[in-house]
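# Notes for the structure review
For reference, the chains in residue letters:
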Amino acid sequence: MSKGQQKQRCEILLMSICVLGIFGILSSCGGGSSEVGEPPAPKIAGIWSGSWNGEDPVLGPISGTWEAQLSQSDTVVQGPISFGGDLDCAEGRLDAIAIADVDTQSVSGAVTRGTCPAVDWQFTAFDDVEFVASGSWDKQGLTMGFFEGKRVATISGPHVKYVHPPAAQAFDYITIVGERLDMDPINDSLTLGEGGVALIPATVSDTVITLQLPGNVADSDNIVLTTSNGEATSPKSLSLGVTSPNTSMIKNIVLDTAGTNPSGIVVSANGRRAFVANRSAGSVSMINVERELEQTSTVVLPGTAPPVPIHAVALDPAGRKVYAAGDGVVAVLHAQTDQLLHTLVIPAHGSAPPNPQGIAVSPDGRWLLVSEAIDGGRVTIIDVDNNYTVANTLVMATGNTPRGIATSPDNRHAYIAVSGSDNEIWAYEFATATVDEKIVMGASPTAIAVTPGADQLYFANSPSTTINYYELDTGGSGEVDLGPGVIPNALAITPNGQNVFVASNTNSVQIINTVTKGVTWVDVGGPSSSIAIGPLGKRAFATVPSLDKVVEISNQVVVRVSKNGGGIGTVTSIPEGINCGATCVASFDAGTEVQLDYDIDSASGSSFDSWGGSCSGSSSCAFVVAIGTFPIILFNAIAGDCFIATAAYGSWLDPHVVTLRRFRDEHMLTNAIGRWFADLYYRYSPPMADYIRERENLKAAVRVILGMIIFAIKYPILAGILVLLPVPIVISRRRRRLRFAHLANKEE
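This structure is a prediction, so every number in the text was calculated from the model and none was measured.

### Here we look at the state of the cysteines
- The tally for this structure, following the rule as stated, stands at 3 disulfides.
- Between the sulfur atoms of C89 and its disulfide partner C116 the distance amounts to 1.9 Å. Negative torsions about the S-S bond denote left-handed disulfides, and the value of about 70° found for C89 with C116 makes this one right-handed. One end of the pair, C89, is in the loop between β3 (76–85) and β4 (91–100); the other, C116, is in strand β6 (residues 116–127), with 27 residues separating them in the sequence. The same class applies to C89 and to C116, which are both buried.
- In this model, C580 is linked to C584 through a disulfide, with the two sulfur atoms separated by 1.9 Å. Disulfide C580 to C584: torsion about the S-S bond roughly 80°, handedness right-handed. Side by side, C580 and C584 carry an identical accessibility label, which is buried.
- With cysteine numbering restricted to those in disulfides and following the sequence, the protein has the pairing 1-2, 3-4, 5-6.

Have a look at this one:
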């Protein structure tokens, strides 16, 4: 072989290496560590709870929560998973593989969800001490985003499913529901936060703990139960930031169909949904509170003419089911999708005036109570845990009608308003299944509510113009007159216990101060049938049947925090509301100054990258709440992200970046050379990305280069032809030069 041929081949080889090198480094979008040795596959078995977020081409920013019970055999991870928030199907199953080598540690798999498209999940960051993980998801190219979760229980240890109510204050009662909760009061502990304020149970069983919060609770936190069988954490933080609605503004949410005649209303445990019983339409509407619109509506008994009137709704405290009472029927609907799950033939009935609070659920979710609002009617107590069987029936004497029902937060009693000849409040005790007290009081008791401290009853009298209150501890009582011609239909007590909101036959909702007993009002545009208040007390909702609308009483604006990048870190807000992790969506009064702070989980190898959206800077983010406020934070996973591509295109979720990331995961990281390129890129690209991010001209130039690489990824054969097309030309020119040189040498 001549020297010229050797040089020619070296040039071709060098050009190929350069092309491969540039292609590999730019498309790798990150890399792994260079640690020596092969770590074990990550252990992910347990009960998990977390949040997710993403970007939808129609809805825009979307978010929600997830819970899963995962088992693991060697590297196979699988188990049921459920979702909440902005979604289509809420139940599914994760089937995944846990892998680890010297460069990466991940769990990858698919979540199948019945009739909905499967979702690919990839865990990319782990903290094996705190049992926290995060990663990314992709719904077959339709939507994509990120998730984070924490293991809240082991499979065999204690497990806290939920805490009711989700928000409270000192001296309020709460109910903790789960499994394997039976604790030893001497050797075991129950605290608000890890090592925090001790909580003293009032009652303990294997599935339910009730208690009254002590006076020294101050900061919102998760409830932690530690027993000899292990530790369990509540999936959500118990919020202590309860308040009352700002009555300075109202918002109208008009139902899609005219003539629905909305009656009862209830707000979901996370405050993101409201469910409305429609008397004339025989349906239950699901209201998206954040987007202020009716999301869907479900007819309880389709095909009946006229529709069966639906007059009252109640929410299962676990947040997965909605119960709706109609004439002779109770419907069970999914609280995430409004899908009809069951219908129960139960003696139930509305009345005139309406009976929008004729259904209630015990705090532990075990007992469902429904009133048959007719003369001599009954209250049916349904055992939810025993396949909705009828556990008991309370029959009224002739001349008496059962109306509103309210359960006490201490999980001991249900209080039933009985109007007619006797005008009584019946106290039904769950433990003994008996009425242990009848309180004779009021002109005609209808709607009823219990204060968060389980120490007072408030109940409406209709067609009288009064509200009565009764001290459960002392037996003291009193009456509040709403004013001439004001007849109450329903009432609700704010979670801070300071106000009672009353729906009435006037165009206003009346508000009673529980301390002064003074009455104020807010105009809602028409007579209101029912009233409900969100779990934090920031919002009140009234149904206005004549106008087919729901009126929100508040000045709240929703703020969503989007956590991108696949790394692990928390974001909290001042004032309280965002605790992301678990709570990445909160609402604040418009004009509120909010500060967001982040905390990196360094044990997982995660790192802070940047703020985006409504935030900027490298430390705290501060902004004034307004419509459209949307903070974004980028936490990098240890495997690295598409640093340069993200800087050039401005978003980790940009389709170009997604293409590069998929090429990295499916091709680059499957071989040693690709992992070497990825590791090299991970070491040197972050400062380059920071430099590019601040310079628009440079970002444009990088996009041109990346565009060519993306073209090569999508059309590899055509790209290969284009890349190799110059090679014959170079060879031909080289040969001509060599031939001319050879002829010249001969002539000499």
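Don't stop here, the text continues.
### A closer look at the pairing of strand β24 (residues 329–334)
- Burial runs high along β24: 6 of the 6 residues are buried.
- Going residue by residue along β24, you find V329, A331 and L333 tucked away on one face and V330, V332 and H334 tucked away on the opposite face as well.
- In terms of strand pairing, strand β23 (residues 321–326) meets β24 through 6 bridges, oriented antiparallel. Following the sheet pairing, G326 is matched in β24 by V329.
- If you look at the hairpin formed by β23 and β24, you'll find 2 residues sitting between the two strands, and G328 has a positive phi there, around 80°.
- One ladder, built from 4 bridges, connects β24 with strand β25 (residues 340–344); its direction is antiparallel. Within β25, the position partnered with V330 by the bridge is L344.
- What sits between β24 and β25 in their antiparallel hairpin is a turn of 5 residues, with D338 showing a positive phi close to 70°.

### Focus: the environment of W521
- Inspection of the secondary structure assignment puts W521 in strand β41 (residues 519–523).
- On a C-alpha basis, the gap between W521 and N507 in space is 9.6 Å, while along the polypeptide they are 14 residues apart.
- Sequence-distant contacts of W521, that is, excluding residues within four places in its chain, are made with S508, V509 and Q510.

### Describing the confidence of the model for the protein
- A residue-level look at the protein finds 84% of positions with pLDDT of 70 or above and a mean pLDDT of 86.
- Across residues 5–37, confidence stays below pLDDT 50; counting only partners more than four residues off in sequence or on other chains, it has 66 contacts.

### Let's talk about the sheet that holds β6
- Sheet architecture is closed into a barrel: 8 strands sit in the order β1-β2-β3-β4-β5-β6-β7-β8, paired in antiparallel fashion. Direction aside, neighbouring strands of the sheet carry axes that sit 30° apart on average.
- In the sheet, β6 pairs with strand β7 (residues 132–139) via 7 bridges, with the strands oriented antiparallel. Looking across to β7, one finds that F126 is bridged to A133.

### Comments concerning the sheet that holds strand β9 (residues 159–164)
- In spatial order, the strands read β9-β10-β14-β13; together these 4 strands make up an open sheet with antiparallel pairing. Two strands bound the open sheet, and with one partner strand each, they are β9 and β13 (201–204). Here the strands of the sheet are splayed against their neighbours by 20° on average, with no regard to which way each runs.
- In this structure, β9 lies alongside strand β10 (residues 173–179), joined through 5 bridges in antiparallel fashion. Looking at β10, one finds that V163 is bridged to I176.

### A short note on the side chain of S63
- For S63, the location among the structural elements is in strand β2 (residues 60–73).
- You can call S63 buried: its relative accessible area is 5%.
- Reaching out from S63, the side chain makes a polar contact with the side chain of R560 at a distance of 2.9 Å.
- If sequence neighbours within four positions are ignored, S63 has contacts with W52, N53, G84, G85, D86, R272, R560 and V585.

Each value, and the rule that gives it
Residues numbered from 1 in each chain as written. Predicted model: local features only at pLDDT ≥ 70, side-chain atom pairs only at ≥ 80, totals over all residues. Heavy atoms only, no water. Disulfide = S-S within 2.5 Å. Helix = DSSP H or I, 4+ residues; strand = E, 2+ residues; numbered from the N terminus. Buried < 20%, exposed > 50% of the residue type's maximum accessible area, 1.4 Å probe, protein only. Pairing = 2+ DSSP bridges. Contact = heavy atoms within 4.5 Å. pLDDT = per-residue confidence, 0-100. Axes fitted to C-alpha atoms, helices over the stretch in contact; angles between N-to-C directions. Polar contact = N/O pair within 3.5 Å; in protein donor to acceptor, adjacent residues only side chain to side chain.

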